[in-house]
Amino acid sequence: MSTTTLLRALRPSTGSTSILRIRQIPRYYSSKITVGGKEYPTDEYTNLPPHIEACVGRNLHLSPNHPISITRRLIERRFPAPVYKAHNTLSPIVSVQQNFDSLGFPLDHPGRSRTDTYYINEKTVMRTHTSAHQADTFAAGESEGFTIAADVYRRDAIDRSHYPVFHQMEGARMWSRSEVPNGDIAAAVRADLEKLPKHDLVVEDSGPIFHEGNPLQKAHSAEECEAIAAHLKRSLEGVVVEVFGQAKKAAIAAGEAKEDDAPLRVRWIEAYFPFTTPSWELEVLWQGEWLELLGCGVVQQSIPDNAGTPDKVGWAFGVGLERVAMLLFGIPDIRLFWSKDERFLTQFAEGRITKFQSFSKYPPCYKDVAFWLPSSSSSAGGQVAFHENDMMETVRGVAGDLAEDVRLTDEFTHPKSGKKSMCFRINYRSLEKTLTNEETNALHEAVRTALKEKYAVELR
Ligand code: PHE
C-alpha cells in the first residue's frame with residue numbers, strides 16, 4: 001500500500017552494443033552509505049538499494065526540454081510570484097519527523113513501514129511526498145504561498161504507470177490572521193477568490209463542504225473553511241484548464257481531437273489525508289475514464305501551530321507530475337521519463353506540448369517464477385517477512401528498466417505444511433531494442449538467484 005492514495009532498469013546506455021547488465025544486489029549494508037554525495041550511518045532500517053540511490057540528482061523536473069520539467073512549468077504558471085514562491089531544489093533526504101511526524105501520520109500508518117518507504121536509517125528517509133517540506137516552508141514564512149516540485153520515492157508495484165521514483169508538485173496558500181484586514185480571514189480569502197480567473201470547466205461537486213466524515217477543524221469557523229475550500233478548488237480547476245487546455249490543443253494539432261469536442265469535465269471526490277481536513281481529490285474525465293489527478297485540503301492547524309506560525313490558515317495540494325505528463329504528451333510507459341535515448345529526449349521542447357512518437361514497440365517476454373516462502377514467514381499471525389514490494393525491488397534491482405510489469409498470479413498456503421507459495425509473472429521488455437532469448441533467460445535466472453539468496457525462498 002502506498003503512503004496515501006495519490007499516484008504514482010538498469011540504466012540503458014544508448015549506443016552500446018548490449019544494454020544487458022545484470023546487477024548485483026548487495027545482501028548487507030556496510031556501516032555507512034553514500035546518498036547524493038553524503039555519507040549516512042546505516043542500521044537495521046536501511047533498505048535503500050543502489051539502483052534507487054542512482055536516481056538522486058537526475059533532476060528530471062529541472063531538465064529543460066524534459067516532459068516532467070515542461071509539465072512543472074505549465075502548472076507553476078497558475079501560481080505566480082510574488083504570492084507564490086517556487087522551491088525546486090530541496091534535498092530528497094528528509095527526517096522521519098519531516099516526512100511523517102510533522103504531518104500527523106499515526107505511528108501505525110502503513111506509509112511508515114519499510115515495505116513502503118526507503119529508509120536510509122531509522123531517523124532518515126527518502127521523502128515519499130513533497131508534503132515533507134510543508135512545515136519547514138511555513139516556518140520560514142518567505143511568501144504567502146508556495147510550490148515545491150521534487151523527486152519522491154516509494155517502494156511500489158512495477159507496471160507502466162508506477163516507478164519507485166517519481167515527481168510531485170506541492171502547493172500551498174496561507175493567510176495570516178494577524179495580517180488580513182480586521183483579522184477577517186473569510187473576507188480576505190473571498191476577496192482573493194474574486195481575483196482568480198473564471199473558467200468554463202464542467203465541475204461536479206455534490207457533497208457538503210464538510211461533514212462528520214470529512215470534518216471542519218475546531219480552529220476554523222464554517223465561514224473560513226468554506227472560503228478556503230472555494231479558493232482551493234477554483235485555483236486547482238485553473239490548473240486543469242491550463243494543462244488540459246494545452247493537451248487539447250496538442251490533440252487537435254495532431255488530428256486526434258476536434259475544436260467542438262465536449263468540454264472538459266472534472267469532479268471533486270472526498271478524500272482523507274492525515275494532514276488536511278476537509279480533504280478532496282480532483283478527477284478529470286480523459287478519454288472516457290475518470291483519472292485521479294491530485295489530493296488537497298484545508299491544512300491541519302497543528303502543522304502551522306507546531307511550525308511556530310499559529311496565526312496562519314490555508315490550503316495545500318499535491319499533484320503527481322508523471323501522471324499529468326503521460327496524459328499531456330501521450331507517453332505510454334513511465335520508464336520512458338528516465339530514458340537517455342536521444343529518440344526520446346529530442347522529441348520535446350520547453351513550452352511545447354507535442355504527442356510522443358513511439359520509436360516502435362519491441363516484443364514482450366513473459367516469465368513466471370514460483371517459490372515457497374521459508375516457513376517462518378508464513379507462520380500464522382507472525383511477522384510476514386516477504387512483501388510483494390520485496391519482489392518488485394528484487395526485479396527492479398536485477399533487471400532495472402527492462403522489467404515492464406510484475407504481477408502476483410497465484411498464492412496459496414499448503415493445508416498440511418502451512419507453507420506459503422507465491423507465483424509471479426514478470427514481463428521483460430526493453431523500450432529500446434528487442435531482447436534476445438539469452439538476455440531474457442539470463443535476467444530471469446538472476447532474479448531467481450537473487451530471490452533465493454536474499455529471502456531464502458525455495459524455488460519451485
Ligand atoms: N502528499 C499527498 C500524497 O502524496 C498529496 C497531498 C498534498 C494531499 C497536500 C493533501 C495536501 O498523496
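Residues numbered from 1 in each chain as written. Predicted model: local features only at pLDDT ≥ 70, side-chain atom pairs only at ≥ 80, totals over all residues. Heavy atoms only, no water.

- For the chain, the name recorded in an unreviewed UniProt entry is Phenylalanine--tRNA ligase, mitochondrial, with Pyronema omphalodes as its organism.
- Under the Catalytic activity (unreviewed entry) heading, UniProt states for the chain: "tRNA(Phe) + L-phenylalanine + ATP = L-phenylalanyl-tRNA(Phe) + AMP + diphosphate + H(+)". (UniProt positions renumbered as here; feature names shortened; annotations may be inferred.)

**Regarding the overall build of the chain**
Okay, so step 1: If you tally the helices and strands in the chain, you get 11 helices and 17 strands.
Okay, so step 2: In terms of overall dimensions, the chain is globule-like: its C-alpha atoms have a radius of gyration of 23 Å, near the 23 Å expected for 460 residues.
Okay, so step 3: Each principal axis of the C-alpha distribution contributes one length, and for the chain these read about 70 × 55 × 45 Å.
Okay, so step 4: Across the 460 residues of the chain, 53% fall into the buried class.
Okay, so step 5: For the chain, the accessible surface area stands at approximately 20,000 Å², while carbon and sulfur atoms represent 51% of it.
Okay, so step 6: Each charge class in the chain was averaged separately, 54 positive and 60 negative side chains, and the resulting centres sit 5 Å apart. (Helix = DSSP H or I, 4+ residues; strand = E, 2+ residues; numbered from the N terminus. Rg over C-alpha atoms; globule rule 2.2 N^0.38 Å. Buried < 20%, exposed > 50% of the residue type's maximum accessible area, 1.4 Å probe, protein only. Areas by Shrake-Rupley, 256 points an atom, 1.4 Å probe, with all protein chains shown as cover. Lys, Arg positive; Asp, Glu negative; His and termini not counted. Charge placed at Lys NZ, Arg CZ, Asp CG, Glu CD.)

**Focus on the sheet that holds strand E11 (residues 276-286)**
Okay, so step 1: Pairing is mixed across the open sheet formed by eight strands, whose spatial order is E3-E7-E8-E13-E12-E11-E10-E9. Where the open sheet ends on each side, the last strands, each with one partner, are strand E3 (84-87) and strand E9 (202-204). Neighbouring strand axes in the sheet, compared pairwise and without regard to direction, differ in orientation by 25 degrees on average.
Okay, so step 2: In this sheet, strand E10 (residues 265-273) lies alongside E9 in parallel orientation, the contact comprising three bridges. Pairing of glutamate 204 across the sheet is with arginine 267, part of E10.
Okay, so step 3: Its contacts with the sheet put helix H5 (residues 185-195) on strand E8 (165-176) and strand E13 (312-320), and the angle it makes with E8 is roughly 120 degrees. (Pairing = 2+ DSSP bridges. Axes fitted to C-alpha atoms, helices over the stretch in contact; angles between N-to-C directions. Contact = heavy atoms within 4.5 Å.)

**Topic: helix H10 (residues 388-399)**
Residue pairs spaced three or four apart in an α-helix point in one direction, given the helix's 3.6 residues per turn.
Okay, so step 1: With 12 residues, H10 extends 17 Å between its outermost C-alpha atoms, agreeing within 8% with the 16 Å of an ideal straight helix rising 1.5 Å per residue.
Okay, so step 2: Extensive coverage of H10 is indicated by the burial of 11 of its 12 residues.
Okay, so step 3: All buried positions along H10 are accounted for by Asn389, Asp390, Met391, Met392, Glu393, Thr394, Val395, Arg396, Gly397, Val398 and Ala399.
Okay, so step 4: Directly after H10, the chain includes glycine 400, whose backbone phi takes a positive value near 55 degrees. (Expected span 1.5 Å × (residues − 1).)

**Remarks on the confidence of the model for the chain**
Okay, so step 1: The predicted model of the chain has a mean per-residue pLDDT of 91, with 92% of residues at 70 or higher.
Okay, so step 2: A low-confidence stretch, residues 1-18 (pLDDT under 50), is modelled with 72 contacts involving residues beyond four sequence positions or located in other chains.
Okay, so step 3: Every residue in residues 377-383 is under pLDDT 50, and counting partners more than four places away or in other chains gives seven contacts. (pLDDT = per-residue confidence, 0-100.)

**A few points about the nonpolar core**
Okay, so step 1: Formed by 75 residues in total, the largest nonpolar core has its most connected members in Val35, Met126, Leu236, Phe244, Ile331 and Phe337.
Okay, so step 2: Of the residues forming this core, the biggest block, 12 residues, is contributed by helix H6 (residues 222-253).
Okay, so step 3: Contacts of methionine 126, omitting those with residues within four sequence positions, involve Val35, Leu48, Val56, Pro92, Ile93, Thr117, Tyr118, Ile120 and Tyr153.
Okay, so step 4: Counting residues in hydrophobic clusters, the runner-up holds 25 residues, among them Tyr428, Leu435, Leu451 and Tyr455. (Core = buried A, V, L, I, M, F, W, Y, C linked by side-chain atoms within 4.5 Å.)

**A look at the environment of isoleucine 334**
Okay, so step 1: Mapped onto the secondary structure, isoleucine 334 falls in the loop between helix H8 (321-329) and helix H9 (342-345).
Okay, so step 2: We classify isoleucine 334 as buried; its relative accessible area is 0%.
Okay, so step 3: Distance in space between the C-alpha atoms of isoleucine 334 and glutamate 404 is 9.5 Å, their sequence separation being 70 residues.
Okay, so step 4: Apart from the residues within four sequence positions on either side, isoleucine 334 is in contact with Asp159, Arg160, Ser161, His162, Tyr163, Glu322 and Met326.

**A few points about the UniProt feature "domain: Aminoacyl-transfer RNA synthetases class-II family profile" (unreviewed entry) in the chain**
Okay, so step 1: Using the residue numbers shown here, the UniProt feature "domain: Aminoacyl-transfer RNA synthetases class-II family profile" (unreviewed entry) corresponds to residues 72-374.
Okay, so step 2: Annotated as 25% helix and 28% strand, the span residues 72-374 places its first and last C-alpha atoms 46 Å apart.

**Details of the environment of leucine 236**
Okay, so step 1: Looking at the element boundaries, leucine 236 is found in helix H6.
Okay, so step 2: Given the relative accessible area of 0%, leucine 236 is considered buried.
Okay, so step 3: When the C-alpha atoms of leucine 236 and glycine 171 are compared, they prove to be 9.8 Å apart, with 65 residues separating the residues in sequence.
Okay, so step 4: Not counting the four nearest positions on each side in its chain, leucine 236 is found in contact with Phe79, Trp268, Leu282, Leu294, Cys296 and Phe317.

**Observations regarding the sheet that holds strand E4 (residues 93-95)**
Okay, so step 1: Spatially, E4-E6-E5 is the arrangement adopted by the three strands of the open sheet, whose pairing is antiparallel. Of all strands in the sheet, those with a lone pairing partner are E4 and strand E5 (119-121), marking the two edges. Mean inter-strand twist for the sheet, computed between neighbouring axes without regard to direction, equals 35 degrees.
Okay, so step 2: Pairing analysis gives two bridges linking E5 to strand E6 (residues 124-126), with the strands arranged antiparallel. Its bridge partner lying in E6, asparagine 121 is registered against threonine 124.

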